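# Results of the structural survey
Next come the chains, spelled out residue by residue.
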Number of protein chains: 2
Amino acid sequence: MGSNPRVIVIGGGFAGLGVVRGLRHAPVDLLLLDRANHHLFQPLLYQVATAGLAAPSIAAPLRHILRRQANVTVYLGEVRSIDTGRRRVDTGEGSFAYDYLVVATGTRHAYFGHEDWARYAPGLKSLEDAFGIRARILNAFEQAEMADDEAQRAAWLSFVVVGGGPTGVELAGTLAEIARHTLKQEFRRIDPVRSRVRLIEAGPRVLPAFPESLSGAAQRQLARLGVEVSIGRAITAVDNQGVRIGDDFIAARTVLWAAGVAASPLGRLLGAEVDRAGRVQVGPDLSVPAHPEIFVAGDLASVTSAAGPVPGIAPAAKQMGAHVARSVQARLAGRASSAFRYRHYGLLTTVGRMAAVADLGWLRLGGLVAWWIWLLTHIYFLIGFRNRLVVLIDWAAAYFTYERGARIIVRTDQLE
Amino acid sequence: MGSNPRVIVIGGGFAGLGVVRGLRHAPVDLLLLDRANHHLFQPLLYQVATAGLAAPSIAAPLRHILRRQANVTVYLGEVRSIDTGRRRVDTGEGSFAYDYLVVATGTRHAYFGHEDWARYAPGLKSLEDAFGIRARILNAFEQAEMADDEAQRAAWLSFVVVGGGPTGVELAGTLAEIARHTLKQEFRRIDPVRSRVRLIEAGPRVLPAFPESLSGAAQRQLARLGVEVSIGRAITAVDNQGVRIGDDFIAARTVLWAAGVAASPLGRLLGAEVDRAGRVQVGPDLSVPAHPEIFVAGDLASVTSAAGPVPGIAPAAKQMGAHVARSVQARLAGRASSAFRYRHYGLLTTVGRMAAVADLGWLRLGGLVAWWIWLLTHIYFLIGFRNRLVVLIDWAAAYFTYERGARIIVRTDQLE
C-alpha cells in the first residue's frame with residue numbers, strides 16, 4: 001500500500017466490481033472486501049439451482065478477474081462493523097482505514113417477520129443457496145420414487161414457489177420443464193410429468209415491474225408450461241409438509257421462496273435514512289448525505305431517477321458502480337461530483353423454454369422472440385463476464401493455459 | 001416388478017454399474033441402491049478437489065445413465081444391514097428381498113486407528129470430500145494473503161500430502177502447479193510461488209504398485225514440479241497447525257490424507273473372511289464362499305489372479321462387474337459359473353503437468369509420453385462415460401436437448 005487515498009469497496013457484485021474497474025487508472029489504493037471469493041453472474045443463478053449449469057460456469061474468482069489491476073487488493077472477509085466517525089471497517093479478522101468507502105452488499109431474501117419459514121422455504125441469492133435448492137428439488141423426485149404411500153408420493157411431486165417476481169417465475173417455469181422433459185423416462189414407479197408446480201403471488205399479477213400486458217403474457221406462458229399460477233392470495237404458514245393459504249392447505253414437500261428482499265444490514269450502519277426494505281437513501285451522486293466520503297451502489301441503494309425508482313437489476317448496479325468511480329475521481333480532483341442518471345435499457349425475464357417477456361420501453365414482447373432476446377443478451381454478458389459461454393474448454397484449458405475453471409470456494413460451513 | 005428373480009446391486013461405481021449393464025438383457029428385476037444419486041468418474045476426482053473441473057463434468061445421475069434399461073430401478077439410500085439368512089437388505093427407509101445380491105461399495109480412506117486426524121487431514125473419495133478439499137486449498141491462499149505474521153503466512157502456504165500412492169502424487173503435483181502457475185500474479189502481499197508442497201510417504205518409495213524405476217521417475221518429476229518428497233518416515237501426529245514426524249514438526253495449515261484405504265463396512269456383514277483392510281475374500285467366480293447367491297465386485301473384493309492380487313483400479317472394477325453379471329446369468333441358466341480372470345492393461349498415474357508414469361507391462365514410461373497416454377486414455381473413457389469432454393455445450397445443450405448438465409445432488413448434510 002502506498003500513500004494514495006484508500007478506497008474500500010465492500011461487495012464484489014456488479015456494483016462493487018463496477019467501482020473497482022472504474023478506478024483502475026485512478027491514483028488510489030483499492031481494497032475490495034467480499035465474504036465470497038467469487039463474483040457471481042446472478043441473472044443465471046436460478047440455472048445452478050435447477051441443475052442446468054455447473055457453479056463454475058457463472059462464478060469467477062474476484063482476484064482472477066482483477067489480477068491485472070495493480071491498484072486493488074482483494075480480501076476475503078465479512079464486514080462486521082463500520083465506524084463512520086473514525087473511518088474504519090472491521091471484518092473481525094482485521095480493521096481497515098478508508099478515505100472513501102463504497103458499500104455494495106446488495107440484498108438478501110426476506111421473510112417479513114416469518115424468519116422461521118427459511119428452513120422450509122429456502123431463498124436464492126448465493127451459490128450455497130443454489131446448491132441447497134438443487135439438492136431439494138432432485139431429492140424430491142428420488143423420495144417420490146421410493147414412497148409407498150400415494151399421498152406422500154403426491155406431496156413429494158408437489159412444488160410451490162412463493163413470489164411471482166422474476167426469480168419465482170424462472171424457478172417455476174424451469175421446475176415445470178424438469179418435470180415434463182428432463183426427467184421423463186428416468187423413473188420406474190412415478191411419472192414426473194404428473195408433478196404439480198404452483199406459483200403463489202400475493203399481489204394482483206406476476207412480474208409487477210412489467211406492464212400489465214406482459215404480466216398476462218407471462219401467466220399464459222407459465223400455464224402452457226404446466227405451472228399453476230395463483231394470484232392475489234398470500235401464504236399464511238409454511239412447514240415441511242406444505243403451505244397454508246388462509247384455510248387452504250397445499251401439501252408440498254418442496255417450497256421455494258422468492259417473495260421479497262431485505263437490504264444488507266450494513267446499510268443501517270451508515271447513519272443514513274433507509275427505506276422499508278433497508279435500502280439506503282443516497283444523494284444524487286450516490287453518496288450518503290451526512291458522509292460525502294461514503295457511497296452506496298447497487299441493490300442496496302434507494303435511488304429515484306427521472307423515470308421513477310431505479311430497479312434492482314444488473315445493468316442498474318453496473319451503472320451505479322461506474323458512477324461512484326467517477327464521483328470518487330471528481331472528489332479526488334477537487335471537482336463537484338455529478339448526479340447519477342440511470343439509463344434504462346429495459347426489463348427481461350425468462351419464463352421457461354422458449355418463453356420470456358421483454359419490455360424495452362419502445363417494444364413489448366412476450367414469447368419466442370422475447371426468449372431469443374433474453375438468450376442472446378445473457379450469452380453476450382456471460383461472455384463479457386468470463387468467456388464462459390465457452391464454459392467448455394475448461395478441461396483442455398486447464399492443461400494448456402494453466403487456468404482452472406472451477407476455482408470457487410463453496411462455503412461449506414454455511415450449507416445446511 | 002414382475003416375477004423375475006430379484007438382483008440387488010449395492011453401489012453405482014464402476015463395478016456396480018458394470019453388473020447392472022451386464023444384466024441388461026437378462027430376465028431379472030434389478031434394484032440398484034446407492035447413497036449418492038450419481039456415478040462418479042473417480043480417476044478425475046482429484047481434479048475437482050483441485051478446482052480443475054466442475055463436479056458435473058465427472059459425475060452423472062445414475063438414473064440418467066440407466067434410463068433406457070427397463071429392468072433396473074434406481075433407489076437412493078444407504079444400506080444399513082444385510083440379512084444373508086432371510087436374503088433381505090435394509091436401508092432404514094425400506095427393506096428389500098433379493099435372490100441375488102451384489103455388493104460393490106468400494107473403499108473409504110482410513111486413518112488406521114487415528115480417526116481423530118480426519119478433521120485435520122481430509123481424504124478424497126466423494127464429491128463432498130472434493131468440495132471440502134477445494135475450499136481448504138483455496139482458502140489457505142486467501143488466509144496467507146491476509147496474515148500479518150510471517151510465520152502464520154508461511155504455515156498457510158505450507159501444504160502436506162500424506163501418502164505417496166496415485167492420489168497423493170496427483171494431489172501434490174497439482175498443488176505445486178496451482179501455486180506456481182495458476183495463482184501467479186493474483187495476490188498482492190504473498191507470492192504463491194513461495195508455497196511449499198510436501199509429499200510424505202512412510203514406505204520406501206512413492207507409487208509402490210509401480211516398478212521401482214517408475215517410482216524413481218515419479219519422484220524426479222515431482223521434484224521438478226516443486227514438490228518436496230519425504231520417504232520412509234511416517235506421520236506421528238496431525239493437528240490444525242501441522243504434522244509431526246517423530247521429533248520433527250512441519251507447520252502446515254493444509255494437510256491432505258491419501259495414506260490408506262479401508263473397505264466399506266458392508267463387507268463384514270456377509271459372513272465371509274475379510275483381509276486386514278476389510279476386503280472380502282471371494283471365491284473364483286467372485287461369489288462369497290458360504291453364499292453362492294452373494295457376489296462382491298470392485299475394490300471391496302479381495303481377489304488374486306494368476307499375476308497376483310488384482311489392483312483397486314477402475315478397469316479391474318469394470319471387469320469384475322461384467323464377470324458377476326455373467327456369473328448371475330450362468331446361475332439363472334443352471335450352468336456352472338466360471339472363474340474370474342483379470343486382464344491387466346497396465347497402470348497409469350499422472351504426476352502433474354506433462355508428467356506421468358505408465359507401466360504397460362511390455363513398456364515402462366515416465367514423462368511426457370506417459371502423460372499423453374494418460375491424457376488420451378482419460379479423455380477416451382470420460383467420453384465413453386458421458387460425452388463430457390464436451391463438458392462444454394452444457395449451456396446450449398440444456399436448452400436444445402432438455403438435458404441438464406449439473407444434476408448432481410451434493411449431500412450438503414455431510415459437508416462440514
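This text gives an overview of the structure that appears in the document. (Residues numbered from 1 in each chain as written. Chains lettered and ligands numbered in written order. Predicted model: local features only at pLDDT ≥ 70, side-chain atom pairs only at ≥ 80, totals over all residues. Heavy atoms only, no water.)

### Quick look at the overall build of chain A
Worth spelling out the cut-off: Strands here mean DSSP runs of E at least two residues long; helices mean DSSP runs of H or I at least four residues long; both are numbered from the N terminus. For every residue, the accessible area obtained with a 1.4 Å probe (protein chains only) is divided by the maximum for its type, and the residue is called buried under 20%, exposed over 50%, and partly exposed between those limits. Surface accessibility in these figures is a Shrake-Rupley result with a 1.4 Å probe; residues are shielded only by whichever protein chains are displayed. Only four residue types enter the tally: Lys and Arg on the positive side, Asp and Glu on the negative side, with His and both chain ends excluded. Charge positions come from single atoms, namely NZ of Lys, CZ of Arg, CG of Asp or CD of Glu.
Counting secondary structure elements, chain A contains 10 helices and 27 strands. The C-alpha extent of chain A, read off along each of the three principal axes, is 70 × 50 × 45 Å. Evaluated residue by residue, chain A yields a buried proportion of 60% over its 416 residues. Summed over all atoms, the accessible surface of chain A reaches about 16700 Å², with 51% contributed by carbon and sulfur. Averaging the positions of the 46 positive and the 36 negative side-chain charges in chain A gives two centres separated by 6 Å.

### What to know about the side chain of His38(B)
Put simply, the rule reads: Any pair of nitrogen or oxygen atoms within 3.5 Å is treated as a polar contact; in protein, a donor-acceptor pairing is required on top of that, and neighbouring residues in sequence qualify only through side-chain atoms on both sides.
Within the fold, His38(B) resides in strand β3 (residues 38–40). In this structure the side chain of His38(B) is engaged in a polar contact, spanning 2.8 Å, whose partner is the side chain of Asn37(B).

### What about the sheet that holds strand β8 (residues 95–97) of chain A?
Residues and elements named next belong to chain A. Definition in use: Should DSSP find at least two bridges between two strands, the strands are regarded as paired. Each axis is a line fitted through C-alpha atoms, and for a helix only the stretch in contact is used; angles between axes span 0 to 180 degrees, taken between their N-to-C directions.
Pairing within the open sheet is antiparallel, and its three strands lie in the order β6-β7-β8. Among the strands making up the open sheet, the edge pair consists of β6 (81–83) and β8. Mean inter-strand twist for the sheet, computed between neighbouring axes without regard to direction, equals 20 degrees. As paired elements, β6 and strand β7 (residues 88–90) share three bridges and run antiparallel to each other. Within β7, the position partnered with Ser81 by the bridge is Asp90.

### Concerning the pattern of salt bridges
Residues and elements named next belong to chain A. To keep things clear, this is the line we draw: One side-chain nitrogen of Lys or Arg within 4 Å of one carboxyl oxygen of Asp or Glu is enough to make a salt bridge.
Going through the model one piece at a time under the given rule, you end up with 28 salt bridges over all chains. A salt bridge links Arg233 to Asp248, with the nearest nitrogen and oxygen atoms 2.8 Å apart. Residue Arg233 is found in the loop between β13 (227–231) and β14 (237–239), and its partner Asp248 is found in strand β16 (residues 248–251); the two are separated by 15 residues along the sequence. With a shortest N-O distance of 3.8 Å, Asp359 and Arg364 are connected by a salt bridge.

### Side note on helix α8 (residues 314–332) of chain A
An α-helix turns once per 3.6 residues; consequently, residues spaced three or four apart project the same way. Residues and elements named next belong to chain A. Put simply, the rule reads: A helix's residues, less one, multiplied by 1.5 Å, set its expected span. Should any heavy atoms of two residues lie within 4.5 Å, those residues are counted as being in contact.
Its 19 residues place the ends of α8 27 Å apart at the C-alpha level, agreeing with the 27 Å of an ideal helix rising 1.5 Å per residue. Along α8, the residues classified as buried are Ala314, Ala316, Ala317, Gln319, Met320, Gly321, His323, Val324, Ala325, Ser327, Val328 and Ala330. In this fold, the buried residues of α8 make contact with β1 (6–10), α1 (14–22), β9 (100–103), β21 (291–296) and β22 (301–302). Where α8 terminates, the next one or two residues include Gly334, which has phi positive at roughly 75 degrees.

### Some details on the pairing of strand β12 (residues 196–201) of chain A
The side chains of a regular strand alternate, first on one face of the sheet and then on the other. All names here are of chain A. Most of β12 sits out of view: five of its six residues are buried. Here strand β11 (residues 158–162) pairs with β12 via five bridges, running parallel. Bridge pairing in β12 places Phe159 opposite Val197. When β12 meets β13, the two strands line up parallel, connected through five bridges.

### Considerations on the packing of helix α1 (residues 14–22) of chain B against helix α8 (residues 314–332) of chain B
All names here are of chain B. The condition that has to hold: By definition, turning the near helix anticlockwise from the far helix through less than a right angle yields a left-handed crossing, and turning it clockwise yields a right-handed one. For this scheme, ten residues count as nonpolar: Ala, Val, Leu, Ile, Met, Phe, Trp, Tyr, Cys and Pro. Four count as charged, namely Asp, Glu, Lys and Arg, and the remainder, Gly too, count as polar.
Where α1 meets α8, the closest approach of the two axes is 7 Å, and the angle between their N-to-C directions is 35 degrees. Every pair of crossing elements has a handedness; the one defined by α1 and α8 is right-handed. Of the residues in α8, those in contact with Phe14, Ala15, Gly18, Val19 and Gly22 of α1 are Ala314, Ala317, Lys318, Gly321, Ala322, Val324, Ala325 and Gln329. A class-by-class count of the residues in the contact of α1 with α8 yields eight nonpolar, four polar and one charged.

### Remarks on the sheet that holds strand β8 (residues 95–97) of chain B
All names here are of chain B. The three strands are arranged β6-β7-β8 in an open sheet whose pairing can be described as antiparallel. This sheet does not close on itself; its edge strands, each paired only once, are β6 (81–83) and β8. Adjacent strand axes in the sheet meet at a mean angle of 20 degrees when their direction is disregarded. With three bridges connecting them, strand β7 (residues 88–90) and β8 associate as antiparallel partners. Across the sheet, the residue bridging to Val89 is Phe96, located in β8.

### Some points on the pairing of strand β17 (residues 254–257) of chain A
All names here are of chain A. Residues Thr254 and Leu256 line one face of β17 and the alternating positions Val255 and Trp257 line the opposite face, and both faces are buried. With four bridges joining them, β11 and β17 adopt parallel strand pairing. Looking across to β17, one finds that Val160 is bridged to Val255.

### Thoughts on the packing of aromatic side chains
Each aromatic ring pair is summarised here by two numbers: the centre-to-centre distance and the angle between the ring planes. All names here are of chain A. Heads up, the condition is: By convention, a stacked pair of Phe, Tyr or Trp rings (six-membered ring in the case of Trp) has centres within 6.5 Å and planes under 30 degrees apart, an edge-to-face pair has planes over 60 apart, and any other such pair is tilted.
The tally for this structure, following the rule as stated, stands at 15 aromatic pairs over all chains. Relative to Trp257, the ring of Tyr111 has its centre 4.8 Å away and its plane inclined at 25 degrees; by these criteria the two rings are stacked. Here the residue Tyr111 occupies a position in the loop between β10 (107–109) and α4 (127–146), and Trp257 occupies one in strand β17, the gap between them amounting to 146 residues. Each member of the pair, Tyr111 as well as Trp257, is classed as buried.

### Details of helix α7 (residues 212–225) of chain B
All names here are of chain B. Quick note on the threshold: It is the directions from the helix axis to the C-beta atoms that the arc portrays.
Its 14 residues place the ends of α7 20 Å apart at the C-alpha level, agreeing with the 20 Å of an ideal helix rising 1.5 Å per residue. Listed as buried for α7 are Leu214, Ser215, Ala217, Ala218, Gln221, Leu222 and Leu225. In a view along the axis of α7, the buried residues occupy a sector of 160 degrees, so they form one face of it. Across from the buried face of α7, at angles greater than 90 degrees, the exposed residues are Glu212, Arg220 and Arg224. Where α7 is buried, its residues meet α6 (166–182), β12 (196–201), β13 (227–231), β25 (347–352), β26 (355–359) and β27 (364–366). One or two steps after α7, the chain reaches Gly226, where phi turns positive at roughly 105 degrees.

As far as function goes, none of this settles anything; it's purely spatial.
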